[in-house]
Amino acid sequence: MMEKKYVAEPFRIKAVEPLKMLTRAEREEKIQAAKYNLFNLAGEDCYIDLLTDSGTNAMSQDQWAGIMRGDEAYAGSSSYYKLMDAGKDIFGYGFIQPVHQGRAAEKVLLPLFLSEGKFAISNMFFDTTRAHVILAGARPIDCVVEEAKDPKVRAKFKGNMDVRKLEETINEKGIENVGLVVMTITNNSAGGQPVSMENLRAVSEICKKYDLPMCIDAARFAENAHFIKRDEDGYQDKEIKEIIREMFSYGDMFTMSAKKDAILNIGGLLGIKDGDSPLVLDVKANCISYEGFFTYGGLAGRDLEAMAIGLYEGIEENYLEYRIGQMEYLAARLDEAGIAYQSPVGGHGVFIDAADMFPDIPYYEFPAQTLCIELYKEAGIRTCDIGSYMLGNDPDTNEQLKADFEFSRLAIPRRVYTQAHLDIMADALIAIKERASDVKKGYRITWEPPILRHFQAHLEPIE
Ligand code: F0G
């Protein structure tokens, strides 16, 4: 395997945050007290926190300066107008609505299209989006391409929608019963895998053919654009911004957690391509009820200002090369050690194939959650399960669902960790792999809430 050279940071460090390192015995105590749910750990008890890349990013000096300039007017703040200009410029949409985070955009938008008896079809829903489809009374259906389901198949654009399956599903459920088609870019649950421009175009054609609205779940739009530029024919000489404009031209609307690619700690957006659409009034009305007046959408003026700046920093080519370079570096170290992950590596993290690491643990004993717990005990690294534990139970039968993958996700915060931290991650995984055959049993749930259970459930080891 070729050694991957680390792409040096296109920045230097001005403010630092000290880390605490517990002993192994202390970590074992902490994880037991947390009922083996990593969301129950205190952040300061995690040496390297890879629970999520969402809101855990390091803002730039310009963003922090923007925080001071934020205009806190309740209505029509200058920071709002700055954000509108940035949003319209980057995405080319007529209406942009700030919200406090991605799921707020989902809560505002999805009930306008979905209700009892309806279906929403996606390449793959992320957990909160899936939950909001269900909360609106509808049912989510994933139609990701088959190659996404085999972590070892190194295909390009494994985040794509299977367009044949999409069309079959529309006809099987009845066009009138399909409320919305959602394209998640990048496809988080499949491993931060990108969606190709060709696929976005093909899905948009099917939506037009059946007169169905198409929504882009755009949390990691900039990383997706980087992959299109790197890997899709015809895009190597295009600017990232041009690529983003074309990607969004295929959707009718988008929801976005800006806590990812806008390199923020909080924020979200909702966009509607046709600024004169009657949908705009419905979105504003829901936003006023749930989020706040439509010119602040549940955020402080300072947050709007930081978002307007971060949207541009997140699409800089040097930054994206360094960012994706971190994933490639870590993945190359795992290749050397023969550790399986969703390959080729995606945009915001490395998704370890826990079913491969622990072949004796069945899906209902949560192999990925087991690996997450092992990583915490081994090196104080906090990760999360993207597998059957996260997927949860069937909303109709209450039976544990079997996920297509059992991933332990090492989500890498933006501009936060260095090459040495990446080496600690690789070394910890290698140490666990060496003793993996001793881990034969997983965990059972002793308590769970009815929806989004993985955030709060209690677990215990199976003896
Ligand atoms: N859509 C996608 C694809 C996401 O990855 C997320 C969040 C959301 C929507 C919801 O956004 O958190 O701002 O409300 N993903 C985070 C994660 C939480 O860890 O992957 P939010």
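Residues numbered from 1 in each chain as written. Predicted model: local features only at pLDDT ≥ 70, side-chain atom pairs only at ≥ 80, totals over all residues. Heavy atoms only, no water.

In the annotation of an unreviewed UniProt entry, the entry for the protein chain reads Tryptophanase, and the organism field reads Enterococcus alishanensis. One UniProt comment on the protein chain, placed under Subunit (unreviewed entry), says "Homotetramer." Under Sequence similarities (unreviewed entry), UniProt gives the following word-for-word description of the protein chain: "Belongs to the beta-eliminating lyase family." (UniProt positions renumbered as here; feature names shortened; annotations may be inferred.)

Trainee: How do you make sense of the sheet that holds strand β11 (residues 384-386) when you look at a structure like this?
Mentor: The strand order across the open sheet built from three strands is β9-β12-β11, with neighbouring strands paired in antiparallel fashion. A single partner strand is all that each edge strand has here, and the edge strands are β9 (349-353) and β11. Here the average twist between neighbouring strands, direction ignored, is 35°. Strand direction decides the pairing type here: β11 and strand β12 (residues 407-411), joined by three bridges, are antiparallel. Considered in β12, the bridge of Ile386 is made with Phe407. (Pairing = 2+ DSSP bridges. Helix = DSSP H or I, 4+ residues; strand = E, 2+ residues; numbered from the N terminus. Axes fitted to C-alpha atoms, helices over the stretch in contact; angles between N-to-C directions.)

Trainee: Whenever I open this one, the pattern of salt bridges confuses me. Can you help?
Mentor: Between side chains of opposite charge, a pair can form when the charged atoms approach closely. Summed over all chains, the structure comprises 38 salt bridges. Between Glu72 and Arg302 there is a salt bridge, with its nearest N and O atoms 3.5 Å apart. Here Arg302 lies in helix α11 (residues 301-313) and Glu72 lies in the loop between α2 (61-69) and α3 (78-91), a separation of 230 residues in the sequence. The class for Glu72 is partly exposed, based on a relative accessible area of 43%. With a closest N to O distance of 3.0 Å, Asp89 and Lys241 form a salt bridge. Separated by 152 residues along the polypeptide, Asp89 in helix α3 and Lys241 in helix α9 (residues 240-249) bring together distant segments of the chain. The class for Asp89 is partly exposed, based on a relative accessible area of 24%. One network of salt bridges, in which partners are shared, links Arg24, Glu28, Glu374, Lys377, Glu378 and Arg435. (Salt bridge = Lys/Arg side-chain N within 4 Å of Asp/Glu carboxyl O. Buried < 20%, exposed > 50% of the residue type's maximum accessible area, 1.4 Å probe, protein only.)

Trainee: Explain the sheet that holds strand β4 (residues 139-142) to me, please; I cannot follow it from the model alone.
Mentor: Across a sheet, strands are paired by hydrogen bonds formed along the backbone, either parallel or antiparallel in direction. Taken together, seven strands build an open sheet; the order of strands is β2-β8-β7-β6-β5-β3-β4 and the sheet is mixed. Of all strands in the sheet, those bounded by a partner on one side alone are β2 (95-99) and β4. Averaged over all pairs of adjacent strands, the angle between their axes in this sheet comes to 20°, without regard to strand direction. Relative to strand β7 (residues 253-257), strand β6 (residues 214-217) runs parallel, the two sharing three bridges. When the sheet's bridge partners are listed, Ile216 is paired in β7 with Phe254. Helix α4 (residues 102-109) contacts β2, β6, β7 and β8 (268-272) of the sheet and is inclined by roughly 145° relative to β7. (Contact = heavy atoms within 4.5 Å.)

Trainee: Is there a simple way to explain the UniProt feature "modified residue: N6-(pyridoxal phosphate)lysine" (unreviewed entry) in the protein chain in this structure?
Mentor: Listed under "modified residue: N6-(pyridoxal phosphate)lysine" (unreviewed entry) in the UniProt record, and renumbered for this structure, are Lys260. Considering the arrangement of structural elements, one finds Lys260 in the loop between β7 and β8. Judged by relative accessible area, Lys260 falls into the buried class, the value being 12%. Residues contacting Lys260, with those up to four places away along its chain left out, are Asp53, Ser54, Asn57, Ala219, Arg220 and Arg414. Of the polar contacts made by the side chain of Lys260, one reaches the side chain of Ser54; its length is 3.1 Å. (Polar contact = N/O pair within 3.5 Å; in protein donor to acceptor, adjacent residues only side chain to side chain.)

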